[in-house]
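# Fold and contact review
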Amino acid sequence: MITLLAAFALLLPKILTDFLQNALLGYAEPVMTWPHKPFACDHCGNDQHFMWKTRHGWPTRILTIFQWVVLHQLQVQCTACGHKCYLTRRLLGMPHQERIPQAVVRKLGLVGALASYRVGAKIVSTFGWTIDKMTIS
């Protein structure tokens, strides 16, 4: 039984990454068909006319409550002005270039406030997180 759980713990990052990537792409595809998108072009303010540039762009690392995942950027181009923008963080509700969502920051902050660096790292490692103890502080 322990061997099966250890194998699952090794597969968890891959399963989580695939799940998140497929969920983002599955949400982005219908959003691109909506007349008004939930995002707008940073340059011209257009929220209607976009076209796909890539669905599997540059990789980006994001910290989830489980561990770091590497997602491929979803990129669109505004057909009004030609500006390109990434959708991955916008669809996740995260600010531009942020790697740790606020919900994860709050959870890690609670652990960091209640425990020392080493104890905090031990606490999160029991949940399968592989996070540096300095990230918790």
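Numbers given for residues are sequential positions, taken from 1 along each chain in its written order. Local features are withheld for residues below a pLDDT of 70 in this predicted model, meaning they are given only at 70 or higher, and side-chain atom pairs are given and counted only at 80 or more; totals for whole chains, interfaces and linings count all residues. Hydrogens and waters are ignored; side-chain quantities use all the structure's heavy atoms.

What follows deals with the layout of surface pockets. The way it works is a 1 Å grid over only the protein atoms, where trapped points that fit a 1.4 Å probe form a cavity and open points with protein on both sides within 12 Å along at least five of seven lines form a pocket, and then any residue with an atom within 4 Å of a point lines it. Grid points are joined across faces, edges and corners, and a volume is the space filled by probe spheres set on the points. Here the largest pocket defines a volume of roughly 310 Å³. Taken together, Asp-42, Gln-73, His-83, Lys-84, Cys-85, Tyr-86, Arg-89, Arg-90, Met-94, Pro-95, His-96 and Gln-97 make up the lining of the largest pocket. Comment: elements are numbered from the N terminus, with helices defined as DSSP H or I runs of at least four residues and strands as E runs of at least two. At the level of secondary structure, the elements contributing two or more residues to the lining of the largest pocket comprise strand E5 (84-86) and helix H2 (88-92). Per-element accounting of the lining of the largest pocket gives the leading share, three residues, to E5. Per-class residue counts for the lining of the largest pocket are four nonpolar, four polar and four charged. Each residue gets one of three labels, nonpolar for Ala, Val, Leu, Ile, Met, Phe, Trp, Tyr, Cys and Pro, charged for Asp, Glu, Lys and Arg, and polar for the others, Gly among them.

This next bit is on the sheet that holds E5. Between any two strands, at least two bridges found by DSSP are needed for them to pair. An order of E1-E4-E5 is seen for the three strands of this open sheet, with the pairing classed as antiparallel. Two strands lie at the open edges of the sheet, namely strand E1 (50-54) and E5, each paired on one side alone. Each strand of the sheet is rotated relative to its neighbour by a mean of 35°, with strand direction disregarded. With axes taken as lines fitted to C-alpha atoms, and helix axes fitted only over the stretch in contact, angles between N-to-C directions fall between 0 and 180 degrees.

Below, the discussion takes up the pairing of strand E2 (residues 59-63). Where E2 lies against strand E3 (residues 68-72), five bridges are found, and the strand directions are antiparallel. Bridged to Arg-61 within E3 is Val-70.

This paragraph deals with the packing of aromatic side chains. Aromatic rings considered in pairs are described by the distance between their centres and by the relative angle of their planes. Centre distance within 6.5 Å is the pairing criterion for rings of Phe, Tyr and Trp, where only the six-membered ring of Trp is used; planes under 30 degrees apart are then read as stacked, over 60 as edge-to-face, and the remainder as tilted. Scanning the entire structure with this criterion turns up two aromatic pairs. Ring geometry for Tyr-27 against Trp-34: centres 6.3 Å apart, planes inclined by 85°, an arrangement best described as edge-to-face. The class of Tyr-27 is partly exposed, set by a relative accessible area of 38%. Positioned above the aromatic ring of Trp-68 is the side chain of Arg-61, whose terminal nitrogen or guanidinium carbon lies 4.2 Å from the ring centre. Burial here depends on accessible area, computed with a 1.4 Å probe over protein chains only, as a share of the maximum for the residue type. Under 20% is buried, over 50% is exposed, and the range in between is partly exposed. Here, over-ring charges are defined by two tests on the NZ atom of lysine or the CZ atom of arginine: distance to the ring centre within 6 Å, and angle to the ring normal within 35 degrees.

So, on to the nonpolar core. Among the nonpolar cores identified, the biggest contains 20 residues, and Met-32, Phe-39, Phe-50, Trp-52, Leu-74, Val-76 and Leu-87 are the most heavily contacted of them. Broken down by secondary-structure element, the contributors of at least two residues to this core are helix H1 (2-31), E1, E3 and strand E4 (75-78). For this core, the element with the most residues is H1, which contributes five residues. Whether two residues touch is decided by their heavy atoms; if any such pair falls within 4.5 Å, the residues are in contact. Sequence-distant contacts of Leu-74, that is, excluding residues within four places in its chain, are made with Gln-21, Leu-24, Leu-25, Ala-28, Trp-52, Thr-54, Arg-55, Cys-85, Tyr-86, Leu-87, Thr-88 and Leu-91. Nine residue types can take part in a nonpolar core, namely buried Ala, Val, Leu, Ile, Met, Phe, Trp, Tyr and Cys, and a core is a set of them joined through side-chain atoms within 4.5 Å.

Now for the pattern of salt bridges. A side-chain nitrogen of Lys or Arg and a carboxyl oxygen of Asp or Glu constitute a salt bridge if their distance falls within 4 Å. As enumerated under the stated definition, the model contains three salt bridges in all. Two residues, Arg-55 and Glu-29, come together in a salt bridge whose shortest N-O distance is 2.5 Å. Taken together, the residues span a long stretch of sequence, with Arg-55 in the loop between E1 and E2 and Glu-29 in helix H1 at a distance of 26 residues. We classify Arg-55 as partly exposed; its relative accessible area is 31%. For Asp-42, the salt bridge goes to Arg-90, with nearest N and O atoms at 2.7 Å. Here Asp-42 is found in the loop between H1 and E1, whereas its partner Arg-90 is found in helix H2, with 48 residues between them in sequence.

Any two cysteine sulfur atoms within 2.5 Å of one another count as a disulfide. This structure, assessed with the given rule, holds zero disulfides. Free of any disulfide, Cys-44 has its nearest neighbouring cysteine sulfur in Cys-78, separated by 3.6 Å. The exposure class of Cys-78 is buried, given its relative accessible area of 1%.

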